[in-house]
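So you can see what is in the structure, the chains are spelled out below.
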Amino acid sequence: MAANEKKLTRFEKARILGARAIQLSMGAKPLVKIGDSLDPIDIAALELEEGVLPLDVKPKK
């Protein structure tokens, strides 16, 4: 995650990881190099860590 982005709450993180894991399990191509684990949640967490998730979080005003 970039330094200028706000830190995600645990609820936002869970929602984002779950949504991306579903996409991956339905056949979406991973945006990171897959290591040892093929688990969609692990891949989604890696994508979040590297900042390449194709999802945005819009803060509620």
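These numbers were taken from a predicted model, which means no experiment stands behind them.

Novice: Would you mind going over the packing of helix α1 (residues 10-25) against helix α2 (residues 40-50) with me for this structure?
Specialist: In the contact formed by α1 and α2, the axes pass within 8 Å of each other and the chain directions differ by 120 degrees. One way to sum up the angle between α1 and α2 is to call them oblique. Crossing geometry of α1 relative to α2 is assigned as right-handed. Facing Lys 13, Leu 17, Arg 20, Ala 21, Leu 24 and Ser 25 of α1, the residues of α2 in contact are Pro 40, Ile 41, Ile 43, Ala 44, Ala 45, Glu 47 and Leu 48.

Novice: Just checking my understanding: could you explain the side chain of Arg 20 for this structure?
Specialist: Considering the arrangement of structural elements, one finds Arg 20 in helix α1. Side-chain polar atoms of Arg 20 contact the backbone oxygen of Lys 29, separated by 3.1 Å. If sequence neighbours within four positions are ignored, Arg 20 has contacts with Ala 28, Lys 29, Pro 30, Leu 31, Ala 44, Glu 47, Leu 53, Pro 54 and Leu 55.

Novice: What am I meant to see in the pattern of salt bridges here?
Specialist: Between side chains of opposite charge, a pair can form as their charged atoms come close. What the rule picks out here adds up to 1 salt bridge. The residue Glu 47 makes a salt bridge to Arg 20 at a minimum N-O spacing of 2.6 Å. Residue Glu 47 is found in helix α2, and its partner Arg 20 is found in helix α1; the two are separated by 27 residues along the sequence. The exposure class assigned to Arg 20 is buried, which follows from its relative accessible area of 4%.

Novice: What is the right way to read the nonpolar core from this model?
Specialist: The nonpolar side chains of a soluble globular protein tend to be buried, and buried together. Formed by Leu 8, Ile 16, Leu 17, Leu 24, Val 32, Ile 43, Ala 44, Leu 48 and Leu 53, the largest nonpolar core amounts to 9 residues. Contributions of two or more residues to this core are made by α1 and α2. In this structure Leu 17 touches Ala 44, Ala 45 and Leu 48, once residues within four positions along its chain are discounted.

Novice: Even after reading the chapter, I still don't get the environment of Glu 49, so can you show me in this structure?
Specialist: Along the polypeptide, Glu 49 turns up in helix α2. Taking the C-alpha atoms as reference, Glu 49 lies 14 Å from Lys 6; in sequence the two are 43 residues apart.

Novice: How do you make sense of α1 when you look at a structure like this?
Specialist: Given 3.6 residues to a turn, an α-helix orients residues that are three or four positions apart in the same direction. With 16 residues, α1 ought to run about 22 Å at 1.5 Å a step, and its terminal C-alpha atoms sit 22 Å apart, in line with that. For α1, every residue scored as buried is listed here: Ile 16, Leu 17, Arg 20, Ala 21 and Leu 24. Across the axial projection of α1, the buried residues extend over an arc of 130 degrees, all falling on one side. Residues of α1 that are exposed and point more than 90 degrees away from the buried face comprise Phe 11, Ala 14, Arg 15 and Ile 22. Those residues of α1 hidden inside the fold are in contact with α2. A positive phi of about 115 degrees marks Gly 27, the residue just after α1.

About the cut-offs
Residues numbered from 1 in each chain as written. Predicted model: local features only at pLDDT ≥ 70, side-chain atom pairs only at ≥ 80, totals over all residues. Heavy atoms only, no water. Axes fitted to C-alpha atoms, helices over the stretch in contact; angles between N-to-C directions. Helix = DSSP H or I, 4+ residues; strand = E, 2+ residues; numbered from the N terminus. Parallel < 35°, antiparallel > 145°, perpendicular 65-115°, else oblique. Left-handed = near helix turned anticlockwise from the far one by under 90°. Contact = heavy atoms within 4.5 Å. Polar contact = N/O pair within 3.5 Å; in protein donor to acceptor, adjacent residues only side chain to side chain. Salt bridge = Lys/Arg side-chain N within 4 Å of Asp/Glu carboxyl O. Buried < 20%, exposed > 50% of the residue type's maximum accessible area, 1.4 Å probe, protein only. Core = buried A, V, L, I, M, F, W, Y, C linked by side-chain atoms within 4.5 Å. Expected span 1.5 Å × (residues − 1). Arc of directions from axis to C-beta.

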